[in-house]
Amino acid sequence: MRQKMPEPIQWEIETNTLQLLDQTRLPVRMVNLTCRTHIDVCRAIKRLSVRGAPAIGIAAAYGVSLAAFHAGLETDEPAQRNQMILHAIRKLSETRPTAMNLFWALNQMKEVLSDHKDAPSDELASLLLRKAYQIHEDDRHRCEQIGEHGVELLHDRYRILTHCNAGVLATGGIGTALAPIYVGRQRGMIFHLFVDETRPLLQGSRLTAWELTQAGIDVTLISDNTAAYAIRKKNIQCVILGADRITTHGDVANKIGTYNLAILAKEHAIPFYVAAPLSTFDPTIASGDDIPIEQHDEVALTESFGKRMAPLRVKTFVPAFDVTPHRYITAIITEKGILRPPFRDAIARVRADCDGEFG
Ligand code: MRU
């Protein structure tokens, strides 16, 4: 990588605060947002200052430790303190419905709380902070492993299409979908990335095009509706993107527009790869139809640049995510290796090997 990558999530020890790179300000400004309470973290997740499934989980875990520090200051009574922390966990879990990693991380924090429910408040707060650090650090490793496995699917000079942002800005490390690109680049491989702008919130143009450019990778930004033509005219050789939740059968929820790309990849006979850590897999859901899908406010569609772009009272449908049925997916890249169809069996096998790492 040409220059130091941005750090989207940092715990500041001196002030006991969570520092988030405010992604709503990118690519124009790199400014941090300071979270002092779990309520600040909830707000940051809801307004997408921190976003991307693994990053949301990490930020929420730090949010729980902030709640524990404050609860310990407010009461000496463990039962009352624990209730306050549980309330914070509930609030954090209500911020965004689709990313599995949020619930996975909060469950881990809940386990620490229940294992140490009678511990003195300062001890409990540091145990929860240590767990949040561990979740963060652990994600960094998972990203590297995803990169190592995923790069085996790529070739030098590949032309690759990606969607939304599943890179450094979305994780605790070098990303999921973008991790193989960064690993390949470190090995001297050259890639050309085609980046969908990703309407309506433009994570592709604002975030992915920015972080890849920072890393010195060749990028061509396209509008979402250019994808089919670009695959054909620009000789794109594969699609690689991230996931917010993966079912036991391998159906994938990811940013709205992902399903379109899966159909396009099939039509053009190019591989369609999904990259995600095991913390994105939901062991309780088989069909993608059962994944809760976040809806954007209609303003995301009816207004742009502060101006009205649609008639008043027009009906809208603005899902933030869609679900790609497993039959469109060529392979799922995880930190434990590459899963191939039938995904139901492949996922069951990985699960049997490492249950605790699942969502
Ligand atoms: O709404 P966002 O920006 O949080 O959506 C993010 C995505 O859809 C990513 O592709 C997904 O979370 C994977 S991030 C490694």
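Refer to the structure above for everything that follows.
Below you will find a few notes about this structure.

## Description of the pairing of strand β7 (residues 238-241)
- Residues of β7 alternate between two faces, with Cys238 and Ile240 on one and Val239 and Leu241 on the opposite face, all of them buried.
- Both strand β4 (residues 158-162) and β7 contribute to a ladder of two bridges, which runs parallel. Residue pairing in the sheet places Ile160 in a bridge with Cys238 of β7.
- In this sheet, strand β10 (residues 272-275) lies alongside β7 in parallel orientation, the contact comprising three bridges. The partner of Val239 across the bridge, within β10, is Phe272.

## A word on the layout of surface pockets
- Roughly 400 Å³ of internal volume is contained in the largest pocket.
- Pro200, Leu201, Val299, Ala300 and Glu303 are the residues nearest the centre of the largest pocket, which is lined by 17 residues in total.
- Here the lining of the largest pocket is built from residues that sort into seven nonpolar, four polar and six charged.
- As a volume, the second largest pocket reaches approximately 240 Å³.

## Some remarks on empty space enclosed by the protein
- The full count for this structure, using the stated rule, is two cavities of 30 Å³ or more.
- Of the pockets and cavities examined, the largest cavity occupies roughly 170 Å³.
- Arg51, Gly52, Ala53, Asn165 and Asp244 are the residues nearest the centre of the largest cavity, which is lined by 20 residues in total.
- Within the residue set of the lining of the largest cavity, elements represented by two or more residues are α2 (53-74) and β9 (252-255).

## Structural notes on unusual backbone geometry
- Cis geometry is found at the peptide bond from Arg199 to Pro200, where omega equals 5 degrees.
- With respect to the element layout, Pro200 can be found in the loop between β5 (191-196) and α7 (203-214).
- For the peptide bond that leads from Pro341 to Pro342, omega is 0 degrees, which places it in the cis range.
- With respect to the helices and strands, the residue Pro342 is situated in the loop between β15 (337-339) and α11 (343-353).
- Here Phe305, not a glycine, exhibits a phi torsion of approximately 50 degrees, which is positive.

## Some words on the packing of aromatic side chains
- The tally for this structure, following the rule as stated, stands at four aromatic pairs.
- Arranged with centres 5.5 Å apart and planes meeting at 15 degrees, the rings of Trp11 and Tyr62 form a pair that is stacked. A residue pair is termed long-range when its members are at least 10 positions apart, and Trp11 in strand β1 (residues 9-12) and Tyr62 in helix α2 qualify at 51 residues.
- The class of Tyr62 is buried, set by a relative accessible area of 1%.
- Centre to centre, the rings of Tyr62 and Tyr133 are 6.1 Å apart; their planes meet at 90 degrees, and the pair counts as edge-to-face. Highlighted residues: Tyr62 in helix α2 and Tyr133 in helix α5 (residues 121-150), separated in sequence by 71 residues.
- Among the aromatic side chains, those forming a connected cluster through ring pairs are Trp11, Tyr62, Phe69 and Tyr133.
- Taking NZ or CZ as reference, Lys255 lies 4.1 Å from the ring centre of Phe321, over its face.

## Here's the deal with the site of the ligand
- Residues in contact with the ligand amount to 17 residues; listed here are only the nearest, Arg51, Arg96, Asp244, Asn254 and Lys255.
- Between the ligand and Gly52 there is a distance of 3.0 Å, counted from an oxygen atom to a backbone nitrogen or oxygen.
- At 2.9 Å from an oxygen atom of the ligand is found a side-chain nitrogen or oxygen belonging to Gln203.
- Among the cavities detected, the one that contains the ligand is the largest cavity.
- Secondary structure elements with two or more residues in the shell around the ligand: α2 and β9.
- Of the residues contributing to the shell around the ligand, the split by class is seven nonpolar, six polar and four charged.
- Two domains share the shell around the ligand, each providing at least three of its residues, namely domain 1 (9-144) and domain 2 (147-357).

## Section: the pairing of β10
- What you see with β10 is no split at all: Phe272 and Val274 on one side and Tyr273 and Ala275 on the other are buried throughout.
- Judged from the three bridges that link them, β10 and strand β14 (residues 331-334) form a sheet pairing that is parallel. What sits directly across from Val274, in β14, is Ile332.

## Focus on the packing of helix α3 (residues 78-93) against α5
- In the contact formed by α3 and α5, the axes pass within 12 Å of each other and the chain directions differ by 25 degrees. Comparing their axes, α5 and α3 come out roughly parallel. Crossing of α3 against α5: the hand is right-handed. Residues Arg81, Asn82 and Ile85 of α3 form the contact with α5, whose participating residues are Ser121, Leu124 and Leu128.
- Across the contact of α3 with α5, the residue classes break down as three nonpolar, two polar and one charged.

## Some points on the nonpolar core
- Ranked by internal contacts, the top residues of the largest apolar core, which has 41 residues, are Leu18 and Ile85.
- Where this core is concerned, the elements lending two or more residues are β1, β2 (17-21), α1 (38-46), α2, α3, α4 (100-115) and α5.
- If one sorts the elements of this core by residue count, α2 sits on top with 12 residues.
- Each residue touching Leu18, except ones within four places of it in the same chain, is listed here: Ile9, Gln10, Trp11, Leu33, Thr34, Cys35, Val41, Ala59, Tyr62 and Leu66.
- In terms of nonpolar packing, the next biggest core, distinct from the first, is built from 32 residues, Ile222, Ala227, Leu241 and Ile270 among them.

Conventions used here
- Residues numbered from 1 in each chain as written.
- Predicted model: local features only at pLDDT ≥ 70, side-chain atom pairs only at ≥ 80, totals over all residues.
- Heavy atoms only, no water.
- Buried < 20%, exposed > 50% of the residue type's maximum accessible area, 1.4 Å probe, protein only.
- Helix = DSSP H or I, 4+ residues; strand = E, 2+ residues; numbered from the N terminus.
- Pairing = 2+ DSSP bridges.
- 1 Å grid on protein atoms, 1.4 Å probe; cavity = no way out; pocket = protein on both sides within 12 Å on 5 of 7 lines; lining within 4 Å.
- Points joined across faces, edges and corners; volume = space filled by probe spheres on them.
- Nonpolar A, V, L, I, M, F, W, Y, C, P; charged D, E, K, R; others polar.
- Phe/Tyr/Trp six-rings, centres within 6.5 Å; stacked < 30°, edge-to-face > 60°.
- Lys NZ or Arg CZ within 6 Å of the ring centre and 35° of its normal.
- Near = heavy atom within 4 Å.
- Polar contact = N/O pair within 3.5 Å; in protein donor to acceptor, adjacent residues only side chain to side chain.
- Sits in = over half its atoms within 2 Å of the grid points.
- Domains from an automatic or database assignment.
- Axes fitted to C-alpha atoms, helices over the stretch in contact; angles between N-to-C directions.
- Parallel < 35°, antiparallel > 145°, perpendicular 65-115°, else oblique.
- Left-handed = near helix turned anticlockwise from the far one by under 90°.
- Contact = heavy atoms within 4.5 Å.
- Core = buried A, V, L, I, M, F, W, Y, C linked by side-chain atoms within 4.5 Å.

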